[in-house]
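Residue strings, one per chain:
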Amino acid sequence: MTTALRVAVLQGGRSLERQVSLVSGARVEDALGRLGHEPTGIDIGHDLVPRLRELNPDVVFVALHGRDGEDGAIQELLEVLGLRYTGSRPAGCARSWDKVLAKELLREADVPTPDALVFSETAVKELGAADALGAVEERLGFPVVVKPACQGSALGIRFAACGAEVPGALIAAFSYSEKVLVERYVHGRELAVSVLGDEALPIVEAVPHEDDFYDFEARYTIGRASFHCPAEIDAGVAAATQDLALRSARALGLEGFARVDLLLDRQSGELQVLEANAIPGLTETSLLPLAADAAGLGFDAFVARAVELALAR
Amino acid sequence: MTVEDGGRATGDDQRAMGRPDPARRPGTPGRGSSSARDLERYAGLFASRTRVMTSSAMRDLMAITERPDVISLAGGLPDTATFPAETLAAVMARVAVDSSARALQYGPTEGMLQTRETIAQVMAGSGASVDPGDVLVTAGGQQVIDLVCKTLIDPGDVIVAEGPTYPGAVPTFCAYQADVVQIAMDEDGMRIDELEAVLDELEQGGRRPKFIYTVPTFQNPAGVTLSLARRRRLVEVAQQREILVLEDDPYGALRYEGDALPTLYELDGGQFVAYAGTFSKILSPGIRLGWAVAPRPVLEKLNLGAQGATLCPSPFTQLFVSAYFATGHWDGYMDELRDLYRSRRDAMLDALSAHLPPEATWTRPQGGLFIWATLPDYLDTTDLLALALSRNVAFVPGRAAFLDGRGASSLRLNFSGSGEDDIREGVRRIGEIVREQIELYGALTGHPPCAPPASGAPPQPDPELADVLTLPRRREPGRERDAR
């Protein structure tokens, strides 16, 4: 390591993923300390700008998850302040945060992604969108997956097995986001590819335990699901998966590091991209650090690389 | 590598495995690096009972309530700002002058005699006559729940509890791998007819619960109180079937209206009822002092359990309690607390009437700290909490009070820990989001929300709908023995 850098590590905030972000941020600070830098953790709030001005960091590590961190708002502010920061720029964040927009951009880039219909709260309340609910069955068939368009976690994601279950699932999803995606259900293996710079890290596969199949929270909870890294899949499929993840990240304008979630259709063997995360979790059990370990990189080297990429642009 | 165990992963949801150390401020030097590999290694060391000791999405969401701009109606905190600092200083000075060496020393496992005498006085105030020798002083009422489980529960043993039950007992029951069966409640507390039906059914399956856990007075979270007739019947059931009842009574002294009811312990005469009391809500949770009164053989086992857990309760705070009660200020302090919480309860009830839509129902507690509200069944209060947090208000989603997934459309509101203005504003915001969600559901399904009540008087909860706590039941028991 050359010179010690002053690094502001942004974390916490008001997002629903505050708790995870505090853990991610603490780990990043620890890693930066071991790398010989001078990290300062900041729980973001109203005093963010004066605190950043006072600290005058060489680089800002954005370890925020969810709204404010991943939607591009913080990145826009950092641009205004003329500070260098890790991860994607505002546009890349905004494009992946909004799953509806992301789906459009992926389609334009010929990246396969499950068909979906979009319902907004305004359309339901003001424009009689309820009368169009029948299209869900015609266009997508059942079951469908109902998910908030803008929410970083598994919160608010539900299966709907028939038309009668759609309104309840929509109400739940509207608690998190004004726009909701109703997506064709793909029975597939769940794969996650972490991207660091221009490289795809080894694939993580999440295998939910059978009795928790319909519980999206369980799917990402160690103890209720198993995680395999590298995923035990055919080398050719693995290469195609990583390639698709890199194409997705490029299509959305993601930089630095990110994670792309995909499904490998059990029937057709086709890959489908579900979404991309501009700032994936960095906790002890998050998938990106798992992949960094499997790559022989380790967490500290990942953090060093993320900082290096931020300074290089 | 494969990670199977040990905590929480963060995939699409990026949820934390552990909570950050609250003592560690951002920016301070941290621990060594740990990775999924380390977690996997530790996972092999964890006892199998820790498999059920997991954090939840709900708990992670609650992290936001530590921010000052959030009105939290989620906690269960007494308002300790009401305790005069001068009194604390004077009493502590007295302890230092009179008993410095004792305060700093170990004490007996069962607690100091003078503290047990104070506890006997407190219990006499609620009508129960107790021999100080039958009292075990503990680290809060919570330790009594833990000790009773430790003493009675083998993995798979049945505990019968109310549905909803005290959310803080859930992790304890889970840690001892108990099979918890929850009995529905109504405005008169636990349905004893259903209890008996469940006991019959268990008996047919060759099972007998180790104990019945109940908060009969101003129940947490439901706010309801077990009626006198049902108290009598519950004690009869316990005696006839020789089942222990753990009566958890943190709030009994916080009655704002109506006549006091005898405790189960008093009605039973100390045969099959063990009693858990605490100073947390009537003096201070910070002193961590509670107590158990139980039949002698049970008490002896609890004592042995306490030896292994804490050696002894804190002599320092025990001496504080005894010295404070000797000043004679406690009765006056309780009057102040009751006045304060009564006003806050009234503010919350008024706000609920003013702001919650007619589809919602809620309980009207005569004391304690909590109101339990129930919304239409198509609303999930865990999702609603996310929306509430975006408007800077928090509550406890009803699922936290069940082990079987029920309670999804209910929520617990606390009125003791916030000022009246915050209570009104918090309930107003909750009412706003509930109305929005109901309207949205109406638009989606073509069912318009209930017609707004005629202007003028604020809507009152329909007494017919007050039976909100009769939640979907697991089975259809016979009702011939309803004790109402």
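Parameters at a glance
- Residues numbered from 1 in each chain as written.
- Chains lettered and ligands numbered in written order.
- Predicted model: local features only at pLDDT ≥ 70, side-chain atom pairs only at ≥ 80, totals over all residues.
- Heavy atoms only, no water.
- Pairing = 2+ DSSP bridges.
- Helix = DSSP H or I, 4+ residues; strand = E, 2+ residues; numbered from the N terminus.
- 1 Å grid on protein atoms, 1.4 Å probe; cavity = no way out; pocket = protein on both sides within 12 Å on 5 of 7 lines; lining within 4 Å.
- Points joined across faces, edges and corners; volume = space filled by probe spheres on them.
- Nonpolar A, V, L, I, M, F, W, Y, C, P; charged D, E, K, R; others polar.
- Domains from an automatic or database assignment.
- Contact = heavy atoms within 4.5 Å.
- Salt bridge = Lys/Arg side-chain N within 4 Å of Asp/Glu carboxyl O.
- Patch = residues over 30% accessible without salt bridge, like charges linked within 9 Å, V, L, I, M, F, W, Y side chains within 5 Å.
- Areas by Shrake-Rupley, 256 points an atom, 1.4 Å probe, with all protein chains shown as cover.
- Buried < 20%, exposed > 50% of the residue type's maximum accessible area, 1.4 Å probe, protein only.
- Axes fitted to C-alpha atoms, helices over the stretch in contact; angles between N-to-C directions.
- Left-handed = near helix turned anticlockwise from the far one by under 90°.

Residues and elements named next belong to chain B. Spatial ordering of the open sheet is given by E11-E12-E15-E14, a layout of four strands whose pairing is antiparallel. The open sheet has two edge strands, strand E11 (361-362) and strand E14 (396-397), and neither has a second partner. In this structure, strand E12 (residues 370-374) lies alongside strand E15 (residues 410-414), joined through five bridges in antiparallel fashion. In the strand pairing of E15, Thr-374 is matched with Ser-410.

One way to see where empty space is left: roll a probe the size of a water molecule over the atoms. All names here are of chain A. On inspection of all chains with the given rule, the structure shows six cavities of 30 Å³ or more. In terms of lining residues, the second largest cavity is bounded by Glu-70, Cys-93, Ser-96, Trp-97, Lys-99, Gln-151, Gly-152, Glu-275, Ala-276, Asn-277 and Ala-278. Those elements that provide at least two residues to the lining of the second largest cavity are helix H4 (90-97) and strand E13 (271-277). Within the lining of the second largest cavity, the residues separate by chemical class into four nonpolar, four polar and three charged.

All right, on to the domain arrangement of chain A then. All names here are of chain A. Assigned domains within chain A: domain 1 (6-86), domain 2 (95-112 + 187-312) and domain 3 (116-184). Computed over C-alpha atoms only, the centres of domain 2 and domain 3 are separated by 24 Å. With 15 residues of domain 2 in contact, the opposing surface of domain 3 contributes 17 residues. Ionic pairing is found between Asp-98 and Lys-179, a salt bridge with its closest N-O pair at 2.8 Å.

A few words on a nonpolar patch on the surface. Nonpolar side chains collect at one region of the surface, where Tyr-42, Leu-45 and Phe-46 of chain B lie side by side and expose about 350 Å² of accessible area between them. Phe-46 of chain B sits in the partly exposed class, given a relative accessible area of 44%.

Now for the environment of Ile-212 of chain B. Residue and element names in this part refer to chain B. Turning to its location among the elements, Ile-212 is positioned in strand E7 (residues 211-214). For Ile-212, a relative accessible area of 0% gives the class buried. Residues within four places of Ile-212 in sequence aside, it is in contact with Val-160, Met-190, Leu-195, Leu-234, Ile-243, Leu-244, Val-245 and Leu-246.

So, about the packing of helix H8 (residues 166-174) of chain A against helix H14 (residues 420-445) of chain B. Running from N to C, H8 of chain A and H14 of chain B cross one another at 145°; their axes reach a closest spacing of 10 Å. In the packing of H8 of chain A onto H14 of chain B, the handedness of the crossing is right-handed. Between H8 of chain A and H14 of chain B, the contacting residues are Pro-167, Gly-168, Leu-170, Ile-171 and Phe-174 of chain A on the first element and Gln-437, Leu-440, Tyr-441, Leu-444 and Thr-445 of chain B on the second. Looking at side-chain class alone, the contact of H8 of chain A with H14 of chain B contains seven nonpolar, three polar and no charged residues.

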